[in-house]
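Examination of the molecular architecture
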There are 2 protein chains.
Amino acid sequence: MLTDRQLLILRAIIDDYIQTAQPVGSRTLSKRDDLTFSSATIRNDMADLEDMGLIEKPHTSAGRIPSEIGYRYYVDHLVEKQIIDERETGRLEERLKQSSKESEILIRQAADLLSDLTNYTTVALGPNSQMETLARVDFMPLDERRGVVLIVTDQGHVEHRTVMFESRVAPDVIEETIRLLNDRLVGTSIGQLKVRIGEEVAKLQLAQRQQYENMMQLIQSTVGIQTPSSLYLGGKKKIFNQPEFQTLDTLRPFLEWIDEQERLTHWLESLPNREIYVSIGSENGIVALQNCSVITSDYTLDGKTFGTIAMIGPTRMDYRHGVQMMGQIIEALRRTKLDK
Amino acid sequence: MLTDRQLLILRAIIDDYIQTAQPVGSRTLSKRDDLTFSSATIRNDMADLEDMGLIEKPHTSAGRIPSEIGYRYYVDHLVEKQIIDERETGRLEERLKQSSKESEILIRQAADLLSDLTNYTTVALGPNSQMETLARVDFMPLDERRGVVLIVTDQGHVEHRTVMFESRVAPDVIEETIRLLNDRLVGTSIGQLKVRIGEEVAKLQLAQRQQYENMMQLIQSTVGIQTPSSLYLGGKKKIFNQPEFQTLDTLRPFLEWIDEQERLTHWLESLPNREIYVSIGSENGIVALQNCSVITSDYTLDGKTFGTIAMIGPTRMDYRHGVQMMGQIIEALRRTKLDK
DNA sequence: TATTAGCACTCATATTTAACGAGTGCTAAT
DNA sequence: ATTAGCACTCGTTAAATATGAGTGCTAATA
């Protein structure tokens, strides 16, 4: 167990290191107003903290830096649970409102805002349309051989796909196909749509099948194309300002990783958390993010579960401020009304 | 005017430097099979070439490197006009075909292909929908207060926008509005659509105006949102392998610049060229691309003018190969048929 | 018993110095 | 006109040295 003084020292080391990115020495600490002990005393406590694995030294004659365990302790015990600052949240909400009431734009704006607030790179993932369900299918002919299939989801999202027929299709066949699809498929999740259409085709009577099979398979094939969840990166440049990313060895893996949209999306979708969660250094298990910490949270927009937002910075990130800002942003998003 | 030998030497210097990224010395050159002169002779010619501004030395005791003027001379006089290699073009065409027949995906694929072929970063810009013209407007109600506006262009592209009414609108008013818009606006370029709708509203009779103004203004406001031309970056990572981008000073401006999608789009759209064009070093006028050269070309897909594709590498890029590959790709694209 | 002053020791970093060698420009010989 | 020869330049590398921040330990102090 840690003594009060050790706690004070640990906290001071981390706070200082977060600010300066430099190993912290005992003399520097003893000069702080909140540490009234001599450097020798502090050295003794530091040795203990090091034995406990909370801090470490890069080399003999350097000061100490927090270890991952140290950061973990700091985040779990020394970062107060988020207190929503009403004034600040209101201001954020205001800024979000200004931009637009379209969800896509709102999310981008939120990511940018969070990045500006913290100076870290952010990633925002929109709703995964695979999870939404079909509210309605419709068809609009363009010319003899082409038309647009419209898919409307329960969340009010609309997708369109142009389809082309092999040969001319009678209007009433089209009409009937659409009626059929609406009758039987409303409520199906978008992700399952393809499979379900296949099932419906199988169920058709022989007579019907000749008529509708072609058309339905056509729709099936276009519907099957996954619409990837919308992903937005905020403040990618911010990484260039971080002292730990001033060499190619550290910068390159990060940039290469962050640019892989697909992998990024999967990663965000795989995160199990609902509320704000902090992953420190190697905890996240991603080699390219070894020296990074991530604050993630699911967010809701207009009351509905919507997506995931993440903040990525060096392990030496300002956890207190980061958690605070993340809380403010998701609260502001929660309060924001969408029109639809 | 250059003597034959000087020409030979200039070419050798540039070829060598392009490959090694190291200043080329007279002794190295004299050992080449195609240069039979002594190093002293070569030195004399090098001095002349330097006087003419075609090559320069980083410092006294280094070899020579090409100057921008040298590269320009090389590109203009020493890079043979592209000869389409039928076999190779066929192979590229094949690979393009495989991926998809959708233009969006084809363009991505082309950018990736070109990047893999050359090991440089590529940018492909899709068609600018602002230039296409309206072929048809349609409307599909979703519920009492919402509906989807469909916009079809002459090129067969479809866009949709969800609109929301302040209050319930009678179906026949909607129908009539759409008829009106179709009657009067078909053929208008998408970019002008917003202005043109405004003009039409102004022309309405007082009686009509009450009915349609709201609806038309609603459509106007949603139509006004610019759909940016689709932009695709291929092989962004490639830059990390270039020796001239191994320091943050050079890498950072490049990456920051390339990540600004909007600026990039404008830049590509502003390029006046139709056929393959090479811009060397500072010629492009972009500070962040001081040390880069760019090979750009407009391309056609399925015979129609479509967009612009660019290849960005260090000034010391393999112009011959780059121009060659660019030629192959745009030829392959030209031959690729789209279904629509 | 807990704290602090004092001091020898460690080790990354910065500075200096010297050696190296690739490449040049010039001159004189071919 | 070409080439061999040679003194000279200057960036790069390596070794030698100095600097100083910070530590751990011991002994003195409250």
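Check the entry above for the structure.
Residues numbered from 1 in each chain as written. Chains lettered and ligands numbered in written order. Predicted model: local features only at pLDDT ≥ 70, side-chain atom pairs only at ≥ 80, totals over all residues. Heavy atoms only, no water.

A separate point is the protein's contact with DNA strand C. Near DNA strand C lie 20 residues; those nearest to it are A:R5, A:T41, A:T60, B:S26 and B:K57. The sugar-phosphate backbone supplies 76% of the atoms of DNA strand C found within 4 Å of the protein. A distance of 3.2 Å is found between a base oxygen of DNA strand C and a side-chain nitrogen or oxygen belonging to A:S61. Measuring from a phosphate oxygen of DNA strand C, one finds a side-chain N or O atom of B:R64 at 3.2 Å. If one sorts the elements of the surface near DNA strand C by residue count, helix α3 (residues 39-51) of chain A sits on top with 4 residues. A per-class count over the surface near DNA strand C returns 4 nonpolar, 11 polar and 5 charged. (Near = heavy atom within 4 Å. Polar contact = N/O pair within 3.5 Å; in protein donor to acceptor, adjacent residues only side chain to side chain. Helix = DSSP H or I, 4+ residues; strand = E, 2+ residues; numbered from the N terminus. Nonpolar A, V, L, I, M, F, W, Y, C, P; charged D, E, K, R; others polar.)

Moving on to the protein's contact with DNA strand D. Inspection of the region around DNA strand D gives 20 residues, with A:S26, A:K57, B:R5, B:T41 and B:T60 positioned closest. In DNA strand D, atoms within 4 Å of the protein come 78% from sugar and phosphate. With respect to DNA strand D, the backbone of A:S61 contributes an N or O atom lying 3.1 Å from a sugar or linking oxygen. Between B:T60 and DNA strand D, the recorded distance is 3.3 Å, taken from a side-chain N or O atom to a phosphate oxygen. The set of elements that each furnish at least two residues to the surface near DNA strand D consists of α3 of chain A together with α3 (39-51) of chain B. With 4 residues, the top contributor of residues to the surface near DNA strand D is α3(B). Class assignment for the residues of the surface near DNA strand D results in 4 nonpolar, 11 polar and 5 charged.

All names here are of chain A. When you line up the elements, P127 lands in the loop between β3 (121-125) and β4 (134-141). Look at P127 and you get buried, because its relative accessible area is 17%. Here the alpha-carbon distance between P127 and E213, two residues 86 residues apart in the chain, equals 32 Å. Once residues within four sequence positions are removed from consideration, P127 is found in contact with I107, E132, H157, S229 and F306. (Buried < 20%, exposed > 50% of the residue type's maximum accessible area, 1.4 Å probe, protein only. Contact = heavy atoms within 4.5 Å.)

All right, on to the interface of chain A and chain B then. Contact residues are listed per partner, giving 34 residues for chain A and 34 residues for chain B. Here chain A meets chain B over a buried area of about 2,800 Å², counting both sides, of which 64% is carbon and sulfur. In terms of surface lost to chain B, no three residues of chain A exceed A:M140, A:F240 and A:L248, which account for 21% of the buried area on that side. Here chain A is connected to chain B by 4 salt bridges. Where chain A meets chain B, there are 10 residue pairs in polar contact (both at pLDDT 80 or more). Elements supplying a minimum of two residues to the side of chain A that touches chain B: β4, β5 (146-153), β6 (158-164) and α10 (248-258) of chain A. (Buried area = accessible area lost by both parts, 1.4 Å probe. Salt bridge = Lys/Arg side-chain N within 4 Å of Asp/Glu carboxyl O.)

Here the focus is the sheet that holds strand β7 (residues 231-234) of chain A. All names here are of chain A. Spatially, the 5 strands line up as an open sheet ordered β7-β3-β10-β9-β8, and their pairing is antiparallel. Edge strands, defined here as strands with exactly one partner in the open sheet, are β7 and β8 (277-279). Neighbour-to-neighbour, the strand axes of this sheet turn through a mean angle of 20 degrees, independent of strand direction. Its contacts with the sheet put α10 on β3, β7, β9 (292-301) and β10 (304-314), and the angle it makes with β10 is roughly 165 degrees. (Pairing = 2+ DSSP bridges. Axes fitted to C-alpha atoms, helices over the stretch in contact; angles between N-to-C directions.)

This brings us to helix α12 (residues 319-335) of chain A. Residues and elements named next belong to chain A. Over its 17 residues, α12 extends 24 Å from the first C-alpha to the last, a length consistent with the 24 Å expected when each residue adds 1.5 Å. Of all the 17 residues making up α12, 12 are buried; the element is thus mostly covered by neighbouring parts of the structure. Every buried residue of α12 is listed here: Y319, G322, V323, M325, M326, G327, Q328, I329, I330, E331, A332 and L333. (Expected span 1.5 Å × (residues − 1).)

In screw terms, the move from chain A to chain B is a rotation of 180 degrees and a rise of 0.1 Å along the axis, fitting with an RMSD of 0.2 Å. Each copy turns onto its partner about a two-fold axis. A symmetric contact is evident, with 100% of the interface residues of chain A recurring at the interface of chain B. (Least-squares fit on C-alpha atoms with pLDDT ≥ 70 in both.)

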